[in-house]
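Here are the chains, one letter per residue:
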Number of protein chains: 2
Amino acid sequence: MLLVTGSIGIDTVETPFGKSADCLGGSAIYFSLAASNFTEVRFLGVVGEDCPFDLEKIFEGKNVDLSGLEKRVGSKTFRWHGSYAGSMNEADTLLTELNVLAEAPANFPDTYCDSEYVFLANTHPSIQMQILDKVAGKKFVAADTMNLWINTTANELRELISRIDLLFINDGEARLLTKQDNLVGACEDILCMGPEIVILKKGENGVFMASKDGGFFALPAFPAAQVKDPTGAGDSFAGGVMGYIAKHNSTDKDTIRKAIAYGTACASFAISDFSTAGLLKANPQALDSRVQLLRNFVSF
Amino acid sequence: MLLVTGSIGIDTVETPFGKSADCLGGSAIYFSLAASNFTEVRFLGVVGEDCPFDLEKIFEGKNVDLSGLEKRVGSKTFRWHGSYAGSMNEADTLLTELNVLAEAPANFPDTYCDSEYVFLANTHPSIQMQILDKVAGKKFVAADTMNLWINTTANELRELISRIDLLFINDGEARLLTKQDNLVGACEDILCMGPEIVILKKGENGVFMASKDGGFFALPAFPAAQVKDPTGAGDSFAGGVMGYIAKHNSTDKDTIRKAIAYGTACASFAISDFSTAGLLKANPQALDSRVQLLRNFVSF
């Protein structure tokens, strides 16, 4: 069983293709929509009483357990406003209101304790560890992080990284974390911090994976002539990777590589439209087809 | 038969791994060393009387015809001084002395007229076209270019691009040329300018190819934990690509993909040491092995 904890956001996003105001976003949302194409997902997250989204409706018929969705009275939902006007590769954050994310984490249902696969989306590493402590049945734990925590909570982040099996991280963040310009060297340094596997997310340049068993793997991004909104690409990617791994209940080399291909396919749907509209077009058959296209795309 | 025309340089290069002063460089040098692993190369280039390198000695036993190497009395050899102190992905140019490159191109031997495969390394597009006009036997022509010509000789560059079969270009330069942020779109725009194929060079992020027959292909860079000097990586890559194509006398889809893999292998040798020291370690067997490693690296 796959558990995800992360944010639920009210996003406003501007790209050269338009503006989407007060739309659904957040790492746990993108991750769950992607991962539920492969396996059942246990959702853990919190919104305020102002949340305009009917998440039960949005996840209706999808393989997502919402017993860990907390609606906190007296609190406000997380908000983010970003612009990709300069480059589709990186958002300029115009506004962040942490709101409920600055409070206690979501109530953790006892029924989630036996989750074997866990994804801790980007947040304060102490909160990531607090939640991890509650998952008695954990077998394979992945986490994401960002510049802010590398710069402000280095010790807690190192402790978190030593306790996980897989780190998802951007290329720029990997350089920041390791002070290594060479990405292969940066990955080797991260593996020395604890995890079995590190996956670098490089946006339009795809992904690079390094693992302790000595294996490297890389996959370009799916060639998309139109990227409407890159928001959520990384969490959709992680959702595909972890969903595939949990479904196959395996972390062997072949499974991880295929999982990365499915994650790449999920991300390619996510970026094709604003908010969750692109990712909602994904389904198991469409993902299979896209992975086959990816295989042809890189074969020689 | 494969003809290359490009520069021969006296390079001074600084990287975090050291400094290499007054060493051999230049696009025609890197290209020829790479391509001669596959086929005979006809070399066309010019040096001044100050040239400290014994090119006959350097290319001894290699498959390179130097009848197009002109030593011009009264002229000085091209010099370049660059630093990769900030990032291994892009050099800061500290000094450029065009010298003989600002004069007439090298004398063109009549024996080169029947060359079928041609590589026009980066220089003024009018010079590239002047040389192209002399190659009566041309069947498949590739060219490289750079920011300077995109910004200062846009019309001549457009004319050149309309006359070639394959454009090698950096990702940033492709964006500059097409004013398209999306690289798939940028490639489609370049194909509309004339060539059958465009290959984007993305440094540590590998390559992306688009062709008129509708095919896309991408390959990550070889995972190198130590990059000592990236100078010449692009020309070594082009040398591997064009050398493979000329050897197999084919430009079909499968050949182009394998050619890109061999180009990637050549580049990985080039960056492993200063000046030509890395590329000189390449040989047909070592390149075969590296291509096999690349195939394993991307398979899933």
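As a reminder, the structure under discussion sits directly above these lines.
What you see is a predicted model; the values in this text were computed from it and never measured.

A. Spatial organisation of the overall build of chain A. Summing up its helical and strand segments, chain A has 10 helices and 13 strands in all. Over its C-alpha atoms chain A spans a radius of gyration of 18 Å, differing by no more than 12% from the 19 Å that the globule rule assigns to 300 residues. Counting only C-alpha atoms and orienting by the principal axes, one finds that chain A spans roughly 55 × 40 × 35 Å. By residue count, 59% of the 300 residues in chain A fall in the buried class. A sequence separation of at least 24 residues applies to 63% of the contacts in chain A between residues at least 6 apart. Only carbon and sulfur atoms are counted for the fraction: they give 48% of the accessible area of chain A, which is about 11,400 Å². One finds the centroid of the 26 positive side-chain charges in chain A at a distance of 4 Å from the centroid of its 37 negative side-chain charges.

B. Up close: the layout of surface pockets. Counted as a void, the second largest pocket has a volume near 160 Å³. Contributions of two or more residues to the lining of the second largest pocket are made by β12 (207-211) and α9 (253-270) of chain B.

C. View of the relation of the copies chain B and chain A. By a simple turn and slide, chain B fits onto chain A: the slide is 0.0 Å along the axis, the RMSD is 0.0 Å, and the turn is 180°. The symmetry that links the two subunits is that of a two-fold axis. Every residue of chain B has its C-alpha some distance from the rotation axis, and the shortest such distance is that of Asn-205 of chain B, at 3.0 Å. Comparing interface residues between copies, 100% of those in chain B also lie at the interface in chain A; the contact surface is shared.

D. Here's a closer look at the environment of Glu-156 of chain B. All names here are of chain B. By the element assignment, Glu-156 lies in helix α5 (residues 154-162). For Glu-156, a relative accessible area of 28% gives the class partly exposed. With 85 residues separating them along the chain, Glu-156 and Val-241 place their C-alpha atoms 25 Å apart. When sequence neighbours within four positions are dropped, the list of residues in contact with Glu-156 reads His-124, Pro-125, Ser-126 and Met-129.

E. Molecular detail of the interface of chain B and chain A. Of the residues lining the interface, 34 residues belong to chain B; the matching set on chain A comes to 34 residues. For the pairing of chain B and chain A, the buried interface totals around 2,600 Å² over both sides, and the portion due to carbon and sulfur atoms is 55%. Looking only at chain B, the three residues that lose the most surface to chain A are Asn-205, Phe-297 and Phe-300 of chain B, adding up to 27% of its buried area. Linking chain B with chain A are two salt bridges, by the criterion used here. Contributions of two or more residues to the side of chain B that touches chain A are made by α7 (183-192), β13 (216-219), α9 and α10 (284-298) of chain B. Counting residues per element, the side of chain B that touches chain A draws most heavily on α10 of chain B, at six residues. Here the residues of the side of chain B that touches chain A sort into 19 nonpolar, seven polar and eight charged.

Criteria and thresholds
Residues numbered from 1 in each chain as written. Chains lettered and ligands numbered in written order. Predicted model: local features only at pLDDT ≥ 70, side-chain atom pairs only at ≥ 80, totals over all residues. Heavy atoms only, no water. Helix = DSSP H or I, 4+ residues; strand = E, 2+ residues; numbered from the N terminus. Rg over C-alpha atoms; globule rule 2.2 N^0.38 Å. Buried < 20%, exposed > 50% of the residue type's maximum accessible area, 1.4 Å probe, protein only. Contact = heavy atoms within 4.5 Å. Areas by Shrake-Rupley, 256 points an atom, 1.4 Å probe, with all protein chains shown as cover. Lys, Arg positive; Asp, Glu negative; His and termini not counted. Charge placed at Lys NZ, Arg CZ, Asp CG, Glu CD. 1 Å grid on protein atoms, 1.4 Å probe; cavity = no way out; pocket = protein on both sides within 12 Å on 5 of 7 lines; lining within 4 Å. Points joined across faces, edges and corners; volume = space filled by probe spheres on them. Least-squares fit on C-alpha atoms with pLDDT ≥ 70 in both. Buried area = accessible area lost by both parts, 1.4 Å probe. Salt bridge = Lys/Arg side-chain N within 4 Å of Asp/Glu carboxyl O. Nonpolar A, V, L, I, M, F, W, Y, C, P; charged D, E, K, R; others polar.

Treat this as a map of the structure, not an account of what it does.
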